[in-house]
Amino acid sequence: MAAIHAEHLEHPPEPYYSSRVAPPILGMFLFIASEVMLFGSFFTAYFFVRVVNGVQWPTPPFHLPVFVALINTCILVTSSFTMHWALQSIKRGNVWGLRAGLLLTFLMGLTFLLTQAREYSRLGFAPKDGAFPTIFYSLTGLHGAHVFVGLSILLFMTIRAFRGHFSPEHHHGVEIGGIYWHFVDVMWIVVYTTVYIL
Amino acid sequence: MQNPLRSEAAAFRFVGVVVVAAALIVGAARANTWFGLAVALVLVGGVALWYWHEPSPAPPPVEVPHGEHAVHRVLVIANETVGGRALSQTLIECVRGRPAELLVVAPALNSQLRYWTSDEDGARAAAQERVHASVAALGELGLAARGEVGDAEPLQAIEDAMRTFGADEVVISTHPVGRSNWLEHGLVEEARRRFDLPITHVIVDLEAEGA
């Protein structure tokens, strides 16, 4: 111990962080906080359009694919479960559980995005057709862009998992990507509830 | 306060909370729009309050270098009680019969508003004055001491000082029970849990000493 102390006095103290949250997780948290503000600005525009118009939503003659969006919602919520399963698996040392979980999450996310793109092509209205289509495409498109980013992260996580980069002791990459994926899921539930249902 | 995105597991739980809340809001809104709005407000407020009051996970014990030194190092954490006779007496007993070095740390206690606006000049200046007075008083008693102003959060102030001072022992000085904010927040118990060092708690009753 005395040797440790002597060395301690000869050099600057070991760097440490006082926030009690690991820096990568704190970074992801701050990033998500900024994302919440970004989504908040879009939701503000959306509610402004709805309240100011004071007419039926969606404004006739537009119709929203509520059922397909519901299926998409179920897919995305299920992908949160597989994401959680993946992380729990690697924490227990189950590498194949991690790989299967990440792969399933990626595939479900991809299904969500492709389904949304397919629905866009069948909606029958474009962003330039008025305030409603503009805000609809803006909100769902913003979320779609986040799903795309999440899929990119998931792709790297999956490749790394198959290369054996994660272990029960070292799985920060999965933890951080998982937080982002759940955030994307939460935002979709809010978008689906406010835009499609209410 | 519990951060709902603190970890993947916490974020996953939050997904479940949002799904249930969304289902309840949709159900209520189907019955009546205003009822739906009321349910939404109550749920959002309730969930926010729940996360606000949910205690944060306890931080892990802190490992800092310390051990047997030629000079016994004592870290003293005190604020208003820094000049108390009970504290001086305890320190004299702590270092009796052996060469010792004392570091007195006074956390720069501040109001919440000033803390959040980073307006801490006054708090630091007040803490600095107390440290000067305390070091001078300890010097008159023949104790080699130096002092510094610490973080507003006393546990953080202890940890900061331990990393640069390498203490062998910590002495925490507080007001008596009922008048001590630190005791109300369980400072001594939490310090004993977090730091693997002998920790002595001294109660200084300034009113009784002044009488």
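Here, the structure is the one placed above.
What you see is a predicted model; the values in this text were computed from it and never measured.

(A) Here's a closer look at the pattern of salt bridges. All names here are of chain B. According to the stated counting rule, one finds eight salt bridges over all chains in the structure shown. In this structure, R163 engages E159 in a salt bridge whose closest nitrogen and oxygen atoms are separated by 3.1 Å. One end of the pair, R163, and the other, E159, are both in helix α6 (residues 154-165), four residues apart, so they sit about a helical turn from each other. Accessibility classification places R163 together with E159 in one group, the buried group.

(B) Geometry of the environment of A:H63. All names here are of chain A. Positionally, H63 belongs in the loop between α2 (23-53) and α3 (66-91). Judged by its relative accessible area of 64%, H63 is exposed. Placed 62 residues apart in sequence, H63 and F125 show a C-alpha to C-alpha distance of 9.5 Å. Residues in contact with H63, not counting those within four places in the same chain, are P58, L123 and F125.

(C) Broad picture of the packing of helix α4 (residues 95-122) of chain A against helix α5 (residues 131-162) of chain A. Residues and elements named next belong to chain A. Remark: α4 packs on α5, axes separated minimally by 9 Å, with the N-to-C direction vectors making an angle of 155 degrees. Regarding the angle of α4 to α5, the classification is roughly antiparallel. Between α4 and α5 the crossing geometry is left-handed. In the contact of α4 with α5, the residues fall into 19 nonpolar, eight polar and one charged.

(D) How the structure looks around the environment of A:Y180. All names here are of chain A. With respect to the helices, strands and loops of the structure, Y180 is situated in helix α6 (residues 172-197). Overall, Y180 belongs to the buried group, its relative accessible area being 2%. Along the backbone, Y180 and L154 are 26 residues apart, and their C-alpha atoms lie at a distance of 10.0 Å. Contacts of Y180, omitting those with residues within four sequence positions, involve M28, F31, I32, E35, H146, V149, G150 and I153.

(E) Structural context of the nonpolar core. Ranked by size, the top nonpolar core spans 60 residues in total, and within it A:L102, A:F136 and A:Y196 carry the most contacts. Elements that contribute at least two residues to this core include exactly α2, α3, α4, α5 and α6 of chain A together with α1 (8-31) of chain B. Grouped together as the second largest cluster of nonpolar side chains are 22 residues, B:I158, B:A161, B:I172 and B:W182 included.

(F) How the structure looks around the packing of α5(A) against α6(A). Residue and element names in this part refer to chain A. Packing of α5 against α6 leaves a shortest axis separation of 10 Å and a crossing angle of 160 degrees. When the axes of α5 and α6 are compared, the pair comes out roughly antiparallel. Considering how the two elements wind past one another, α5 and α6 form a crossing that is left-handed. Residue-level contacts link F136, L139, T140, H143, H146, V147, V149, G150, L151, I153, L154 and M157 of α5 to G173, V174, G177, G178, Y180, W181, V184, M187, W188, V191, V195 and Y196 of α6.

The rules behind these values
- Numbering of residues starts from 1 in every chain and runs along the sequence as written.
- Labels are handed out in written order, letters beginning with A for the chains and numbers beginning with 1 for the ligands.
- The model is predicted, so local features are restricted to residues of pLDDT at least 70 and side-chain atom pairs to those at 80 or more, both for listing and for counting; the totals for chains, interfaces and linings are taken over all residues.
- The side-chain quantities take in all heavy atoms of the structure and omit both hydrogens and water.
- Salt bridge criterion: a side-chain nitrogen from Lys or Arg within 4 Å of a carboxyl oxygen from Asp or Glu.
- A run of H or I in DSSP counts as a helix once it spans at least four residues, and a run of E counts as a strand once it spans at least two, with each numbered from the N terminus.
- Think of it in three bands: with a 1.4 Å probe and only protein chains considered, a residue is buried below 20% of the maximum accessible area for its type, exposed above 50%, and partly exposed in between.
- Only heavy atoms matter for contacts: two residues are in contact if any of them lie within 4.5 Å across the pair.
- In this description, a line fitted to the C-alpha atoms serves as the axis of each element, helices being fitted only across the stretch in contact, and the angle between N-to-C directions of two axes falls anywhere from 0 to 180 degrees.
- Oblique is the label for every angle not falling under 35 degrees (roughly parallel), over 145 degrees (roughly antiparallel), or within 65 to 115 degrees (roughly perpendicular).
- Crossing handedness: left-handed means the near helix sits turned counterclockwise from the far one by under a right angle, and right-handed means the same turn made clockwise.
- Polar here means any residue other than Ala, Val, Leu, Ile, Met, Phe, Trp, Tyr, Cys and Pro, which are nonpolar, and Asp, Glu, Lys and Arg, which are charged; Gly is therefore polar.
- Put simply, buried Ala, Val, Leu, Ile, Met, Phe, Trp, Tyr and Cys residues joined by side-chain atoms within 4.5 Å make one nonpolar core.

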